[in-house]
Each structure stands twice: as C-alpha cells, then as structure tokens.
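Read off the chains here:
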Amino acid sequence: MKVLLRNPRRELEIEGPTTVLALLKRLEINPESVLVIRGDTLVTRDARLADADDIEIRPVISGGSNPA
Amino acid sequence: MKCRRCGQPAVIDVRRHNAAFCADCFVHHCREQVKRAVHDFDMLEPGQRVLVAVSGGKDSLALWHLLRELGYEADGLYIGQGIGEYSDHSRDATVAFADAQGWKLHEIDIRGQYGFDIPGAAFATKRAPCGSCGLSKRHLFNKAALDHGYPVVATGHNLDDEAAVLLGNVLRWETGYLGRQHPVLPESRGFARKVKPLVRLGEREMAAYCVIQGIDYMVEECPMAAGNKHLGYKDMLNGLEEQSPGSKAAFLFGFLERGHEHFAVEAGEEREALGECRECGSPTSNDDLCAFCRLRERAQGVDAPVELGPTRRRRNRGRHSPSRPTSAG
Ligand code: SF4
Ligand SMILES: [Zn+2]
Ligand SMILES: [Zn+2]
C-alpha cells in the first residue's frame, strides 16, 4: 500500500494487509499524535488495511507555544 | 470499532473517553465538549459577538466553525506574521475558508502596518521567534478587539496546548504564569475578555473535526516551531497518554480545579500594578513602552539573515526542495 507522510511530505510503499495499529508501530509513530486517513475517510486504530489502499498518516501536533 | 452513540462503524476513537464515534456523532461530541467548556467556565453569553483569532490551522478554523454552529456571532481576525511562504499559505487557507463560509474576517499585516516581521524580530532580539510572535499576536488581537468593540476574544488553544504549557510552567514553577493559566481571563483595564473554548478537546480531535467537516486547513507547520520546547512537552505527554489514556485531561483539569486558585492571587496583583504605554496606550508594567512597542522599535526594518527564514530560502531554491528548519525556538 502507498503511505503518505507529512511534514516533511514523503511516500512509502508498505506491504499489506495490516492494521492501523501495526502500521503505526512499524513506523514507530505514536497513534495519539496522528490521524490515519484511507482515501478520504478517517479510520480507527483497529481498521484492517489492504495492500491496494492509499493511506495518509497525518500529524496533528502543532508547534509553537503560542498558537493563534 | 462501533460508534458509542449509534452503533454504526466508527471513524475515530477517543480513548480518553473510552469511546469511538461515527462522523455525525463525532461532530456532536465536539459541539458538546465546547458547550460544556463554555458552560463550566462561564465563557460566553448565548449568541454573543466574539472575535476569533484564526491562523488557517486546524484549531482556529475548527473553533470558528464550532462557535458559528453553536449560534455565536463569531468573526475572524488573521494576523500576518511575515514568516515567508508559511504565512502566505496560512493566509490563503484562512481567506478561502472565510470566503467560502461568507463570514467576516479582519486582517492585520505586521510588516505592512508596523514595519517588521517575526523572523526579523527573532533576529533583532536574539530570542526564540515564538516569543516575539506570541507577544505580537496577543497585543494585536487585544487591540483589534478593543478597537472593533468585541466584548470577548476566543483563541483555539486546545487540551494538548494547555497541558503542554502547564507542564512547562510546572517544570520551572513559574508561579505568575500558573496564576494566569486559565480558560478565561476576565476583562480588565486595557484588556479584552479572553476565552479558550477548545480546552476540553485534544489536538487530534480538532484535526479529525476538520477532516470530517471538509475544512481545508493548513497541515504544513510553521518553520519557526522546530526545536520549540512545547513540541517536546507534547511528545512526552502523548507518551503518557498512549500508556494511560486520560492523563493529559487529568493533569490539566486537576490543576484548574484544585491548583490554579493557589496561584491566582499573585497574578491578580501583577495586573493591578500596570501603567500605560506612551506610544500606544496599552497596559504595561513600566510606564514607558509596552513589550510590543519595544519589540517594534528594535525590529523595525531588520531583515533576518537567510538561516532564520527557511520558507524564504525554500522559495528561492524552488518549491520542491525539502525545508530544513534551523534551530529556532
Ligand atoms: S510556531 Fe512560533 S513563530 Fe510559528 S506561528 Fe507559532 S508561535 Fe509563531
Ligand atoms: Zn454514531
Ligand atoms: Zn505600546
């Protein structure tokens, strides 16, 4: 499956099927710090991902001590 | 996972609440959390006019959207910080959102109106950019509210922001800051009332709210944030949260319920002792220039060397080269 990461933007090819949680673990990403989006829909951590899926892992942590 | 409320397949889990939600029920959840924060901390009158600080990021756009949905007469204020391409994109996202919704947006451009920008200010003061940026935003936001007669201003600080700030304040026992850290700062001479209606919602929930509502927020991060210590605090707190869901909320709300009052007296006394800025009339502790006017004096016309403006450098190198933020913050 194609996995898009952001900030900086990069793309990985990862073999499916797997689950969201297993994918994040493999990439050493804390599930609390990202959203996982399949196509254009959010998926929960137990969702099964197929090899043909397009996945985006989007960080949700904003920097700066003074957000607007 | 199934939606806790309706049993349909869930799209997002919120472990803090030991819950998962479908899209519709998640939107309901976000509204309820804002309603509850507004009620518990007595933030707003029903339908009140409120000025929302918007940056084009997830929190501020979601806040604006939620306040409108809940019937408040919420207008936006965008402050252009002059942080290269990042500021251009954040302005584009904000203006596009305001236009699409048909909502009123006020705009301030720091360089155009005050003759300096944040990278230049960071360079001139040899301090972390977030300091100059935060003080400028607070000053201009407050001024805009008073000038346009908004009784209250709202910012998109969420649970993660507040927990990270709290951790930073506790690590150094900043008693004055602890006394001022509250979801509501009441109006006082020269200061508009300030509220943070998103304190009961996490950063991840705000991003999910935008995705679900089709709000096209700016995912790109401010290049000046790299190395900022609050990012480190958020990381640590998320480590705890993953081990033990609910830690961040327990930390923040425990403080607000049982800790804050012990520091509030000191902060109140500091506010009493304020004089007036001779340049702009804002409250200030020294009867001369306020922090913003001092910053303006030092930073006017200063151009940060290229290293401080990664977005500008990126622009010069072409759009697709990777941005390497320097150790700002
Ligand atoms: S990260 Fe720092 S410099 Fe950038 S917008 Fe936030 S407070 Fe300002
Ligand atoms: Zn539901
Ligand atoms: Zn001043």
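The coordinates are above.
Draft legend 1. Molecular detail of the pattern of salt bridges. Enumeration according to the criterion identifies 28 salt bridges over all chains in this entry. Here Arg-68 of chain B and Asp-75 of chain B are joined by a salt bridge, their closest N and O atoms 3.3 Å apart. Between Asp-160 of chain B and Lys-248 of chain B there is a salt bridge whose closest N-O contact spans 2.6 Å. Of this pair, Asp-160 of chain B sits in helix H7 (residues 159–171) while Lys-248 of chain B sits in helix H11 (residues 247–259), placing them 88 residues apart in sequence. You can call Asp-160 of chain B buried: its relative accessible area is 5%. Here the salt bridges do not stand alone but share partners, grouping Arg-45 of chain A together with Asp-13, Arg-15, Arg-204 and Glu-242 of chain B into one network.

Draft legend 2. Quick peek at the side chain of His-65 of chain B. Following the sequence through the fold, His-65 of chain B ends up in helix H2 (residues 58–69). Excluding residues within four positions of it along the chain, His-65 of chain B makes contact with Phe-97, Gln-101, Trp-103, Tyr-209, Gln-213 and Ile-215 of chain B.

Draft legend 3. Molecular detail of the coordination of the zinc ion (ligand 3). Residue and element names in this part refer to chain B. Taken together, the protein donors to the zinc ion (ligand 3) comprise Cys-277 (SG), Cys-280 (SG), Cys-290 (SG) and Cys-293 (SG), at separations of 2.3 Å. The site at the zinc ion (ligand 3) holds four donor atoms, and with the angles between them running 106 to 113°, its shape is tetrahedral. Sequence spacing of the donor residues for the zinc ion (ligand 3), all on one chain, is C-x2-C-x9-C-x2-C. Of the two residues, Cys-280 sits in the loop between strand E9 (275–276) and strand E10 (283–284) while Cys-293 sits in helix H13 (residues 291–299), which places them 13 residues apart along the sequence. Relative accessible area serves as the criterion here: at 35%, Cys-280 is assigned to the partly exposed category. With a relative accessible area of 6%, Cys-293 lands in the buried category.

Draft legend 4. Examining H7 of chain B more closely. All names here are of chain B. The end-to-end C-alpha distance of H7, which contains 13 residues, comes to 18 Å, matching closely the 18 Å that a straight helix rising 1.5 Å per residue would cover. The buried fraction of H7 amounts to ten of the 13 residues, a majority that puts the element mostly inside the structure. Residues of H7 that are buried include every one of Leu-159, Asp-160, Asp-161, Glu-162, Ala-163, Ala-164, Leu-166, Leu-167, Gly-168 and Asn-169, and no others. Tucked into the core, H7 has its buried residues touching H2, helix H8 (175–180), helix H9 (203–213), helix H10 (229–243) and H11. Two or three places before Asp-160, at the opening of H7, Asn-158 has a side-chain oxygen 2.9 Å from that residue's backbone nitrogen. Positioned one or two residues after H7, Trp-173 has a phi angle of 45°, which is positive.

Cut-offs applied
Residues numbered from 1 in each chain as written. Chains lettered and ligands numbered in written order. Predicted model: local features only at pLDDT ≥ 70, side-chain atom pairs only at ≥ 80, totals over all residues. Heavy atoms only, no water. Salt bridge = Lys/Arg side-chain N within 4 Å of Asp/Glu carboxyl O. Helix = DSSP H or I, 4+ residues; strand = E, 2+ residues; numbered from the N terminus. Buried < 20%, exposed > 50% of the residue type's maximum accessible area, 1.4 Å probe, protein only. Contact = heavy atoms within 4.5 Å. Donors = N, O, S within 2.8 Å, 3.2 Å for Na, K, Ca; no water. Tetrahedral: all angles 85-135°; square planar, octahedral: opposite > 155°, others 65-115°. Expected span 1.5 Å × (residues − 1). Polar contact = N/O pair within 3.5 Å; in protein donor to acceptor, adjacent residues only side chain to side chain.

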